[in-house]
Each structure stands twice: as structure tokens, then as C-alpha cells.
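Architecture at a glance
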Amino acid sequence: MRLARAGAIDPKARIQVLRTGPSARAPSSSSDSIPLSEALDRILAGDCVETLRRLPDASVDLVFADPPYNLQLEGTLTRPDASVVDAVDDDWDKFASFADYDAFTRAWLAECRRVLKPNGTLFVIGSYHNIFRVGTALQDLGFWLLNDIVWRKANPMPNFRGRRFTNAHETMIWASRDAKAKGYTFNYEALKAGNEDCQVRSDWFLPLCTGAERLKGEDGAKAHPTQKPEALLARIVMAASNPGDVVLDPFFGTGTTGAVAKKLGRRFIGLERDPAYIAHAERRIAACAQTAPELLLAPAAKREEPRVAFAAIVEGALLNVGTVLTDAKRRHQATVRPDGTIMASGIVGSIHKIGALVQGLPACNGWTFWHREVDGKLEPIDALRAAYREAMAKAA
């Protein structure tokens, strides 16, 4: 959110907006249900809670939600030059009370949890106005929090009054369906490879949606006040889903989630009640082209690759008995034995045990610690394991 101003709420002065539809107290009948095949790659018009109730159980792999922030704005905000700030003052962001907002939040989150597959996950983004209330609702409903992620904005709006810190970030919560969820998607290897082989941190430095990416109406005004940058959604989609997965956005707006999902070979379901937003989203998504499928393949996670014993490397003559292994800085040495163990200073053990021993550490990944010399250069023995796996795959 780009605005940093809130005040006491006067229920009499607030516009009360219907959030959950006329049938909020009772589930929709089965005749009103929407088959998954009819929801895929479509924008479903209507109230998000009511429409969510019509979707099948356990049908969605990933949810991204950008709900109303409940900014509690009072009056207008001006810059030092007296110009008016284009703030979020739409009716959809106005609630009569915190209780009203909490009830709405619990309603849509409960339905998102129902439609998530057991191994599906949810991302929800918000500002300090609402994210803590959303976090409480998530935990109360049984979601299991995996991470909170800070989106640090490269170009935030300044604080014009000089009475607070510049509001330069938003917070995302990433959660699994419950504490026992197993096998949820996290493309760790792909993220790491794209981040100069470093683990991706929980603070993401990305610019706001500006320039040509920012959708505008015929009058030149922003089509949507809180349009998110595609870079943000791309990182989420690539991190927590795979090609062909179904991504649901219950607050679809002008279709950033759908555009990114289409480009990255995912299916999407968008829920939106504003006809103008829907029109913008449909045009935007229609103009998107999908990335070639072969470019969307993620590297296999290390834990999913077939196990290879070091003895198999020796038995397969990929590494000769008697070869001297060293670490990358040539500080330690060990000799390869016929049975797939190595020996250092008269002590025999596995590549992992001896690697830990020579360093005085409790554990060590011997595949990456030990190196062999090839044409005058050191190469980790993990390269031999990769070659062995490739040969196994060809022989299969």
C-alpha cells in the first residue's frame, strides 16, 4: 500500500459495503456449483466469497490474495504543492468497523482453505493496516505460516507530512493449508540458481508498478489504485507452483495474476465484481503470450534426485582407487579406497564423515567439500555424481 495515514473510525461516517452477498449465512446449493473445467482461465464475475463457495473442494494449487487494506482514510491527502494524492478511496476498501473487516476476512480465507489442495499454499499481501488482522485469521482457521516476506519498494511514495517514516514496504504471508501439509511446492533450486546461486531471502526489493505496465483508463487515470507489479507475481508463481498448476486470485482486479499465470504456463481462476476491472483484465490477458514450455522446466530439487553412493562412483571407474582428494583450498587431503570409503591421517570413513572430521565440524556434505584435480583445476566430486545420474537416466 502506498499511503501511510489512518485515524479513528467513526461508524456513522463510514460507507458500509456489502461483502459477502445475500446468501452469506448459508452455503450455495450443489446446483450452483461451478465445475473446475468451466472456471479455468476465466474471470468469474461476482462477490468473491459467494463465488468461492461455488468452486470445488481441493481444486487449487496456489492462492494469491490482495484483499482490501481497510485504510480507514479520513478526508484527502495533499502534497506540499497542494496537489491531491491519488489515494485508495474506493468503496471496496471501506468497512464500517474492524469487526466487519474481520468477518469478511475470515469468510474468504475459510473458502480459500477449502478449495486449496492438501499440498497447496496461499500468499496474502497487505499493509500495516490489515496484515496483522489477516495473520490472526489465518492461524485461527488452521493455516500454517511458512514465511512472512517483505516487499521492499524501490520507489515508494514519500511521507508528505513528515510525521511518520516513509511507508516503503508491504508484507506477504505465505502459508500452507495446515501444519501437517507435506509436499507443498517450493522450487528452491530454480530460485537459488536465478539468484547467483544464493538462497532467496524473505526481503524482496522490487519497484512499484509504473510506466507502461501501469494500466490506465481513457481519461489517463490509473485503472486500479493498487495494481501489483508483474515481477512480484512472477516470483510468487515460479516459487510456489509448477507449469499446469491452478492459481486462484479472489481479488483479481486488473488481472496481474492471470497475465503472469498465462505467461508462465499455469492455469488461473480470477474472481472480480467490478465490470471495469474485468474489462481491463480480459484485454490484458488476451494480449499475453505463453513462454515456450521447454523454457519453463525447473531444475530438479536435490532431494528428489536419485541417491548415489560414493562406492558406485568408484565401482563405475569414474574415480580411480588411490586418487587424492582435497578441499577447494587444498588444506586437507584424503585418499580414495576400493570400498568407497576415503582415508585421511590413517582414519577411514565416508566422504561426509572424513570431511567433517578434518574440519572439526559435526557434519559435512562430502560431495561438495571434496574435489579432484582435472587438467590442473579442482572440480568437486559432485560433478561425478551428476554424470553417474545422467548415465542412469539414459540407461533407463
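Notes on the structure in this doc start here. (Residues numbered from 1 in each chain as written. Predicted model: local features only at pLDDT ≥ 70, side-chain atom pairs only at ≥ 80, totals over all residues. Heavy atoms only, no water.)

1. Concerning the packing of helix α7 (residues 256–263) against helix α8 (residues 275–286)
Here α7 crosses α8 at 15°, and the two axes come no closer than 9 Å. When the axes of α7 and α8 are compared, the pair comes out roughly parallel. In this structure, the crossing between α7 and α8 has a hand that is right-handed. Residues T256, G258, A259 and K262 of α7 touch α8, and the partners they reach there are R284, I285 and A286. Across the contact of α7 with α8, the residue classes break down as 3 nonpolar, 2 polar and 2 charged. (Axes fitted to C-alpha atoms, helices over the stretch in contact; angles between N-to-C directions. Helix = DSSP H or I, 4+ residues; strand = E, 2+ residues; numbered from the N terminus. Parallel < 35°, antiparallel > 145°, perpendicular 65-115°, else oblique. Left-handed = near helix turned anticlockwise from the far one by under 90°. Contact = heavy atoms within 4.5 Å. Nonpolar A, V, L, I, M, F, W, Y, C, P; charged D, E, K, R; others polar.)

2. Quick look at the packing of helix α3 (residues 98–115) against helix α4 (residues 131–140)
As a packed pair, α3 and α4 sit with axes 10 Å apart at the nearest point and diverge in direction by 45°. As summarised for this structure, α3 and α4 are arranged oblique, according to the angle between their axes. Once α3 is placed against α4, the crossing between them reads as right-handed. Between α3 and α4, the contacting residues are F98, Y101, D102, T105, R106 and L109 on the first element and R133, V134, T136, A137, L138 and D140 on the second. Class assignment of the residues belonging to the contact of α3 with α4 gives a composition of 6 nonpolar, 2 polar and 4 charged.

3. Remarks on the sheet that holds strand β1 (residues 42–45)
Here 8 strands make up an open sheet; going across it, the order is β1-β8-β7-β2-β3-β5-β4-β6 and the pairing mixed. Whereas interior strands pair on both sides, the edge strands pair on one side only; in this sheet they are β1 and β6 (203–206). Here the strands of the sheet are splayed against their neighbours by 20° on average, with no regard to which way each runs. As defined by bridge partners, strand β7 (residues 246–249) adjoins strand β8 (residues 267–272) across 4 bridges and the pair is classed as parallel. (Pairing = 2+ DSSP bridges.)

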